[in-house]
Amino acid sequence: MNRFKASKFRHTEARLPRREAWIGGIRAGSVSSCGNHVKASCRWIAFNAEAAGVLGVVPLECEDGGKRTVSQLCCHSDVVMDFDFSPFDQLLLATGSADQTVKVWRLPESGQDMPGGAGLTLGPGGGPVDMLQFHPTADGILASGAGKQVTVWDVGRQQPLTALDSHGDQLQSLAWKRDGRLLGTSCKDKKLRIFDPRASPAASQSVPGHENNKDSRLLWMGSSDCLISVGFSQMREREVKLWDTRRFSGAMITMALDTSPGAAIPLYDADTGLLVLAGKGENLLYCFEVAPAQPALTQVTQCRTEGSTRGLAAVPRLALDVMACEVLRVLQLTDTALVPVSYLVPRKSTQEFHEDLFPDCAGTLPATGAQAWWAGDSQQVGRVSLHPARRSTETFSSPVIACTQLQAADASSTDADADRSEGSGYSSPSSLASPGSAATSLSASTGPSSGFASSPSQKSLQSILGPSSRFRHTQGRVLHRDTHLTNLRGLSLTTPGECDGFCANHQRVALPLLSAGGQIAVLELSKPGRLPDAAMPTIQNGVAVADLSWDPFDPRRLAVAGEDAKIRLWRIPEGGLRETLREPEAVLRGHTEKIYSIRFHPVASDLLVSSSYDMTVRIWELSAGREVLCLQGHTDQIFSLAWSPDGKQLATVSKDSQLRLYEPRRSPQPQQEGPGPEGGRGARLVWVCGGDYILVSGFDSRSERRILLYRAQALPEGPLSVLGLDVAPSTLLPFYDEDTGVVFLTGKGDTRVFLYEVTPEPPYFLECNSFTSSEPHKGFVFLPKTACEVREVEFARALRLGQSTLEPVAFHVPRVKKEYFQDDIYPPTRIWWEPALGGSAWLAGKDGQQRRASLRPANMTPVSEAPKEAPARKFVPASVYLEEKSDEQKKEELLSAMVARLGNRDDPLPQDSFEGVDEDEWD
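Residues numbered from 1 in each chain as written. Predicted model: local features only at pLDDT ≥ 70, side-chain atom pairs only at ≥ 80, totals over all residues. Heavy atoms only, no water.

Q: Provide a residue-level description of the overall build of the protein, including the pertinent values.
A: A count of helices and strands for the protein gives eight helices and 65 strands. The burial tally for the protein puts 52% of its 923 residues in the buried class. A separation threshold of at least 6 residues defines the contact pool for the protein, and within that pool the share at least 24 residues apart is 53%. Carbon and sulfur atoms make up 49% of the accessible area of the protein, which totals about 40800 Å². (Helix = DSSP H or I, 4+ residues; strand = E, 2+ residues; numbered from the N terminus. Buried < 20%, exposed > 50% of the residue type's maximum accessible area, 1.4 Å probe, protein only. Contact = heavy atoms within 4.5 Å. Areas by Shrake-Rupley, 256 points an atom, 1.4 Å probe, with all protein chains shown as cover.)

Below, the structure is given as structure tokens:
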């Protein structure tokens, strides 16, 4: 800043509202795109919702102090990557999606239903539409970025005007200059480019931007020749750079922010010169004042919010509370709320308008049209006063979508339904609703997860939507603090993706530690509470841990796979570790490369299977300490392997997008191969439905997490069903409860656990209520069935690993008659702690089946044997007594009833007790 002139914004303060002022009841989506994920006009706020292809829409201001209703706008058949409001028509919204199309919508006036169909559609193009921005001076001009190309559209004619394709890699941002003449872009090839779209499709200027190719953003500083860019340095520091296009060879100024990994979202207000920065996944908002003339970048204030940032948007200046000296307002999108953060300049008087804080700003009337701008017209938008008494009330409605098209769009809602059904197989409660339906709250569940009552109308709705799960009302809850293990320190949170992060049995839990030497902490579940600050005895594995697993038939034996291609077997003393273990019980050698994962055999004792970077799967006989079988056939990294429930077969999924099925005792080569999930980011598999089907979790080519169901004996035919869930970086770890048919899915670093009942008939996946935690978990491991409290109708229990805590999470089904044993939920379960046969017998070709036992306590009666209760009558029909009485009796009873309702006629009236005046007082 100029050292001889103090800035009028130097005392600006960020004011966080009370929770009552938050816009709650939302469920924000986790879209991995370059967009801001939330935008605002003077009338509406739009944000990425949890369901793919759906935006949440909510009024900017609540009417009459009432509660704002969050509505759904079902836009696309795939994820909405970016969206933008017109700067002139406050109801005009453009959306871009991974389905390669751009759609333009006219939102309704407040209180009306969302449109059932788009006003117009642009595309499809050559790839997912990652970014959108309306032109700042001309109505009907829209720029969209997809892949390496920027397309400038004439929206009214639904035709592209030009394509700017000088980029060497994936686009990361685009921005119009405020005078509308130039367009700037940032790209993954680490370059910033300036285009004059009307002159040439080639870049007029380009310069190396940030040295790291992570997410970078570019903004124009109003109508000036200066730019702001945000990105990462070569040392992965977040940095801000100021550029002058007249001297574009290098940045005018570079300022390092911090070393946080989250991409920064920048918001710049050209009228005040204030720049707000927020990192995705963080709760800190920076505010700077930018002075390009000096040049200078001065921090004004910073504030810490309660929730982490999913997205950030600036409210238009025409919607600010100028009499409260509010110079800027941003909207922070968190997981469950929209938080408005106001930036105020303290002034002594708030009764008068401060001209110095609020210069005239751009109005809402466009300066020109699309064809006129393309022909060379560069008129500027007229400026209007923010003074409440002089503020213009004129509004503009863009002719690109005629208002009469709203009725036609509603009539074509069936076409919109068909459009959503052509997507990637995504199925969610919100996607089951018709896109033309009335506004509904995003926080309220619809579809199968919310359950249906027995009313005829809802039964007919259920017949339309299909079957629902009996576990749809499942509730997950963290148990009391007395059951937690706290003060966990030095945990290793960087275990390989093929590892669950930790492992547990019904007695104890094993946690890899961050310290050198591959240390493992072993904690007894029977001794919850806060762990001491002093060092505790551990297992000294000697090398970093790749995977670990408890022997299901020996709760004291722990198998640990190391990065040195060896498997070590450790025996825990009775009662837990009292001293550090340094010598394993046995060491298994055979693999030549690092081991991916290890799994014990489900029915035979002393058998272990392992997969390795050497592309082999080896089976070990632990009683002899030797390798007995080696399976071949893999050509790339093995992501996951799983035994069939009967232990006869073994399935694997690998990075070459292939699913393989082995019968180890018959052949070292796969018996079947089939197409697995696309992409090479990771996958997991688990056997379901009694071993007749295989469920695989993985990613598609656009990094959307999805689950696929295969028939185990028909892998070459491909998946029977594919269900898209969300976009997130971590692989979903599946756990299948064979007694209920419910699969639990969550990833390391997630806050949500998905639940689905898997059935062998269509639609295959029946959604249940999901479980959401307040903070991300580092691991989520399920305990044996016998750990469940059946008296509370608990059918699954897991351990959730946080930053420094281990919390039990119970999943139960709400039932009315909890005093009875719910035998429809608890069939006889496997006696998992007893092997059906020995490892040598299994290798010799024998098979076994584990016994089953009931979980019913001795003093509980099964609900199927509960006495049937006769339904209580709410009233006695008149026919019961009227037919037995004469007409005179009926009249007398009727008169008696009427008298009883009127009261006793012999009682004195209230006025009878009033005292009058003496007669002589009338004279």
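Having seen the structure, we can now continue with the description.
Q: Report on the pattern of salt bridges, specifying residues and quantitative values.
A: Evaluated as defined, the whole model comprises 58 salt bridges. Linking Asp564 and Arg568 is a salt bridge whose minimum nitrogen-to-oxygen distance equals 2.8 Å. Each member of the salt-bridge network shares a partner with another, and the members are Lys177, Asp179, Arg181, Asp225, Asp244, Arg246 and Arg247. (Salt bridge = Lys/Arg side-chain N within 4 Å of Asp/Glu carboxyl O.)

Q: Break down the environment of Ser896 for me, with residues and values.
A: Structurally, the position occupied by Ser896 is in helix H8 (residues 887-902). Its relative accessible area of 48% is what places Ser896 among the partly exposed residues. One polar contact links the side chain of Ser896 to the main-chain carbonyl oxygen of Glu892, over a distance of 2.8 Å. (Polar contact = N/O pair within 3.5 Å; in protein donor to acceptor, adjacent residues only side chain to side chain.)

Q: Hey, could you go over the sheet that holds strand S36 (residues 508-512) for me, with residue numbers and the actual values?
A: If you trace the four strands from one edge of the open sheet to the other, you get S35-S36-S37-S39, paired in antiparallel fashion. The strands lining the two open edges of the sheet, one partner per strand, are strand S35 (503-504) and strand S39 (539-540). With two bridges connecting them, strand S37 (residues 519-524) and S39 associate as antiparallel partners. When the bridges of S39 are listed, Gln519 appears paired with Gln540. (Pairing = 2+ DSSP bridges.)

Q: Please set out the side chain of Asp700 residue by residue, giving values where relevant.
A: Relative to the assigned elements, Asp700 resides in the loop between strand S53 (693-699) and strand S54 (704-711). On the basis of relative accessibility, which here comes to 7%, the residue Asp700 falls in the buried class. A polar contact of 2.7 Å, which involves the side chain of Asp700, links it to the backbone nitrogen of Glu704. Setting aside residues up to four positions removed in sequence, Asp700 forms contacts with Glu678 and Arg706.

Q: Tell me about the pairing of strand S14 (residues 159-164), and please be specific about residues and values.
A: Where strand S13 (residues 149-154) and S14 come together, five bridges link them in antiparallel fashion. Looking at the pairing, Trp153 lines up with Pro160 of S14. Remark: four residues form the turn of the hairpin made by S13 and S14, two consecutive strands paired antiparallel; Gln158 in that turn has positive phi of roughly 55°.

Q: Outline a nonpolar patch on the surface, listing residues and values.
A: On the surface, Leu894, Leu895 and Met898 cluster together into a nonpolar patch covering about 320 Å² of accessible area. Within the fold, Leu894 resides in helix H8. A relative accessible area of 55% means that Leu894 is categorised as exposed. (Patch = residues over 30% accessible without salt bridge, like charges linked within 9 Å, V, L, I, M, F, W, Y side chains within 5 Å.)

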